[in-house]
Amino acid sequence: MKLEQMYQEIILDHYRSPKNKGLRAPYGAEVHHVNPTCGDEITLRVRLADDGTTVDDISYDAQGCSISQASVSVMTELLTGHPVEHDLEVAAAFLEMVQSRGTVDPDEDVLEDAVAFAGVSRYPARVKCALLGWMAWKDALAQAGAVIDVSDDVSTEPDATRATNVTDVTSTTGAGHE
Amino acid sequence: MSIHLDASPLDVQAIRPDFPLLARTVRDGAPLIYLDSGATSQKPEVVLDAEREFVLRSNAPVHRGAYALGEEATDAYEAARRSVAEFIGAGFSEIVFTKNATEAINLVAYAMGNAVWAGAEAERFRLGPGDRIVVTEMEHHANLLPWQQLAQRTGAELAWLSLTPDGRLGLDDLDQVINERTKVVAFVHQSNILGTINPVNLIAARARAVGALVLLDACQSVPHMPFSVQQLDIDFAVFSGHKMLGPSGIGVLWGRQALLEVLPPFLTGGSMIEQVFMERSTFAPPPQRFEAGTPPISQAVGLHAAVRYLSDIGMSHIEAHEKYLTEHLLSRLAEVDGVRVIGPTSVVERGGAVSFVVDGIHSHDLGQVLDDRGVAVRVGHHCAWPVCRHYGVQATTRASFYVYNDVDDLDRLVEGIGAAQRFFGVTS
């Protein structure tokens, strides 16, 4: 049954017991994003290391469906404490997976628990739910002054395509800003 | 008042074959249970047949072309206008075809804004600082944002009637909200999210007393109950074709003849003119003044067929059928622990749009479980976000029905709610 494929146990667990929920200070930037189609909303804070290259903390307060809530919970576990550059690669992989309509076989080494959201990609109406927290994080990251150390030869390779995808989606979900 | 019905006056099993879509399955073979007619209705084959016949045999531009096809197309288009006029007890030239109901409301709001540059005949449409526009807290965004925008453009003030705990309009402060400075009152006949049917003439009487214009959003009433502008003390009404078994791409504005004659245009261009010079132009009389550009011709033909289909069933039968279904669903939902209806819980002055929340399950998740079982419902804020805010809910799940639904459909919905409660582990 497709329903169980989408609502993996990992998702239901994170929905019932979300990780890192609750806003914390200090923080570098705070953003508020909404999903205009359903009214789900999130306030998310990012704190970076002093040199701006590492994500030290992600905290949030959110209301929404199981997919949006579990997704941001999983995200905070995946991205906190890692270099910005690494996190952007994970975010790009997540985006590619959930937008793939089921055609992308996710890399568990990169996405870890977030591979549980692969089933969401088969339901286009729910993709925005899964991306709500990730897009808020990306916005907050930029506002907090994240420093991404990308050398020229990397940006001309396939990773550059990923970066373009991320930018495109940020601008579409940008309609969700309040 | 007793409205209890033991049975529906409609033979749904005889109606359903007219709608081939209803026979299909979704999501790995689940029979489709369509409960989202408040958003858009399904179409009977006769509507598609009429459109197809027109396009394949008589398609041509209307109101021009001195050739046979042009005459046929014009006749078909204007016959649609006549059928819609008769359907709501209106005059022929009081019916304006628009793209949809949203455009119809914008037409009135923008035309009122344009009254600033029009002649003295448009005086009563003019708004400025000190004037007031009144709406209600239960409006669809389509009947809220155009008025917010008009208020911003003109400096007029926006005020609104609020909601009561049982899902109705608070009318205690009617005389204060609709004050002497009010120029227009725009409100919904039947709420798309709460199902509430508002007391049109009571509100309109107050508007009349202060000389305000009255616009009625009839999107959820014209398709579902007998509706006559002769029995309603209003100036404008709007509704859409696709919610009444007709095609998408066509909406209707009804306006009182005397008002349409002095209302400035909204969209300008071809077809809406009288004379055109390089420096200025004059406009055609209504309804043409408000139908700039090529109108939705085949859609009008389809809408004509939909009106015929609805009339053949009988609008009072449809109203009784939906009351019967509404009563059934409300009583079934009342039996389910953890379900709360957002809106009136009795069928008195209430139609067939039933919104509810289920404790512990977000409406998106509920909708997903229902979808897995073939049950199509609307989830979210239903383009009435202020209503959700008022009742402190993030989103609701809404079932809305029509001529092709029966009690089995509603029972499938209730079973699905139980399944979702078990799936998400919130069964008490």
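Given the structure is predicted, the values throughout are model-derived calculations rather than measurements.

Trainee: Can you break down the pairing of strand E3 (residues 55-63) of chain A residue by residue, with the values?
Mentor: Residue and element names in this part refer to chain A. Sheet topology places strand E2 (residues 41-48) next to E3; eight bridges connect them, and they run antiparallel. Each bridged residue has a counterpart across the sheet, and for Arg-45 the counterpart in E3 is Ser-59. Counting the residues in the hairpin turn of E2 and E3 gives six residues, including Gly-52, whose phi is positive at 75 degrees.

Trainee: Before we move on, could you go through the pattern of salt bridges and cite the residues and values that matter?
Mentor: Evaluated as defined, the whole model comprises 19 salt bridges over all chains. Across the pair Glu-30 of chain A and Arg-45 of chain A runs a salt bridge, and its minimum N-O distance is 2.7 Å. Placement of the pair is Glu-30 of chain A in strand E1 (residues 29-34) and Arg-45 of chain A in strand E2, with a sequence separation of 15 residues. When its relative accessible area of 36% is taken as the criterion, Glu-30 of chain A is described as partly exposed. Three or more residues are tied together by salt bridges with common partners; here these are Arg-208, Asp-233, Asp-235 and Arg-256 of chain B.

Trainee: Can you break down the confidence of the model for chain B residue by residue, with the values?
Mentor: For chain B, the average pLDDT comes to 96, and 99% of its residues sit at 70 or higher. The ipTM assigned to the predicted complex is 0.83, against a pTM of 0.91.

Trainee: Which residues make up the side chain of Thr-154 of chain B, and what values go with them?
Mentor: Residue and element names in this part refer to chain B. Here Thr-154 is to be found in helix H5 (residues 145-154). For Thr-154, a relative accessible area of 14% translates into the label buried. A polar contact of 2.8 Å, which involves the side chain of Thr-154, links it to the backbone oxygen of Leu-150.

Trainee: An account of the interface of chain A and chain B is needed here, citing residue identities and associated values.
Mentor: Tallying the contact residues gives 25 residues for chain A and 18 residues for chain B. For the pair chain A and chain B, the two sides together bury roughly 1,800 Å², of which 52% comes from carbon and sulfur. Sorting the residues of chain A by area buried against chain B places Leu-3, Cys-38 and Tyr-123 of chain A first, and these three jointly supply 27% of that buried surface. The interface formed by chain A and chain B includes one salt bridge. One salt bridge connects Arg-126 of chain A with Asp-365 of chain B, and the closest N-O pair in it is separated by 3.0 Å. Where chain A meets chain B, there are eight residue pairs in polar contact (both at pLDDT 80 or more). Elements with a contribution of two residues or more to the side of chain A that touches chain B: helix H1 (2-6), helix H2 (9-16), helix H3 (66-79) and helix H6 (124-143) of chain A. Sorting elements by how many residues they give to the side of chain A that touches chain B places H1 of chain A first, with four residues. Taken together, the residues of the side of chain A that touches chain B sort by class into twelve nonpolar, six polar and seven charged.

Trainee: Tell me what's going on with the sheet that holds E1 of chain A, and back it up with residues and numbers.
Mentor: All names here are of chain A. If you walk across this open sheet you meet the three strands as E1-E2-E3, and the pairing is antiparallel. Unpaired on one side and paired on the other, E1 and E3 mark the two borders of the sheet. Across the sheet, the axes of successive neighbouring strands diverge by a mean angle of 15 degrees, strand direction being ignored. By the bridge criterion, six bridges tie E1 to E2 in an arrangement that is antiparallel. Paired with His-32 across the strands is Thr-43, a residue of E2. Its contacts with the sheet put H3 on E2 and E3, and the angle it makes with E3 is roughly 170 degrees.

Trainee: Requested: an account of the nonpolar core, with residues and values cited.
Mentor: With 80 residues, the main nonpolar core has Ile-88, Ile-95, Phe-97, Phe-227, Met-244 and Val-403 of chain B as its most contacted residues. With ten residues, helix H9 (residues 297-313) of chain B is the largest single contributor of residues to this core. Ignoring anything within four residues of it in the chain, the contact list for Val-403 of chain B reads Leu-10, Val-12, Ile-15, Phe-19, Ile-313, Ile-318 and His-321 of chain B. Val-90 and Leu-111 of chain A together with Leu-366 and Leu-413 of chain B belong to the second-largest nonpolar core, a separate cluster that totals 79 residues.

Trainee: How would you explain the sheet that holds strand E10 (residues 251-255) of chain B if you had to name every residue and give the values?
Mentor: Residues and elements named next belong to chain B. The strand order E4-E10-E9-E8-E7-E5-E6 describes an open sheet built from seven strands, whose pairing is mixed. What marks the edges here is a single partner per strand, and that holds for strand E4 (95-98) and strand E6 (157-161). Neighbouring strand axes in the sheet, compared pairwise and without regard to direction, differ in orientation by 20 degrees on average. When strand E7 (residues 182-188) meets strand E8 (residues 213-217), the two strands line up parallel, connected through five bridges. Its bridge partner being in E8, Val-184 is matched across the sheet by Leu-213.

Trainee: Hey, could you go over unusual backbone geometry for me, with residue numbers and the actual values?
Mentor: Residue Pro-26 of chain A is bonded to the preceding Ala-25 of chain A through a cis peptide linkage, with omega at 0 degrees. For Asp-28 of chain B, which is not a glycine, the phi torsion comes out positive at approximately 60 degrees. Inspection of the secondary structure assignment puts Asp-28 of chain B in the loop between strand E1 (25-26) and strand E2 (30-31). Owing to a relative accessible area of 68%, Asp-28 of chain B belongs among the exposed residues under this scheme. Positioned with a positive phi, His-63 of chain B is a non-glycine residue whose angle comes to about 65 degrees. The class for His-63 of chain B is partly exposed, based on a relative accessible area of 37%.

How each quantity is defined
Residues numbered from 1 in each chain as written. Chains lettered and ligands numbered in written order. Predicted model: local features only at pLDDT ≥ 70, side-chain atom pairs only at ≥ 80, totals over all residues. Heavy atoms only, no water. Pairing = 2+ DSSP bridges. Helix = DSSP H or I, 4+ residues; strand = E, 2+ residues; numbered from the N terminus. Salt bridge = Lys/Arg side-chain N within 4 Å of Asp/Glu carboxyl O. Buried < 20%, exposed > 50% of the residue type's maximum accessible area, 1.4 Å probe, protein only. pLDDT = per-residue confidence, 0-100. Polar contact = N/O pair within 3.5 Å; in protein donor to acceptor, adjacent residues only side chain to side chain. Contact = heavy atoms within 4.5 Å. Buried area = accessible area lost by both parts, 1.4 Å probe. Nonpolar A, V, L, I, M, F, W, Y, C, P; charged D, E, K, R; others polar. Axes fitted to C-alpha atoms, helices over the stretch in contact; angles between N-to-C directions. Core = buried A, V, L, I, M, F, W, Y, C linked by side-chain atoms within 4.5 Å.

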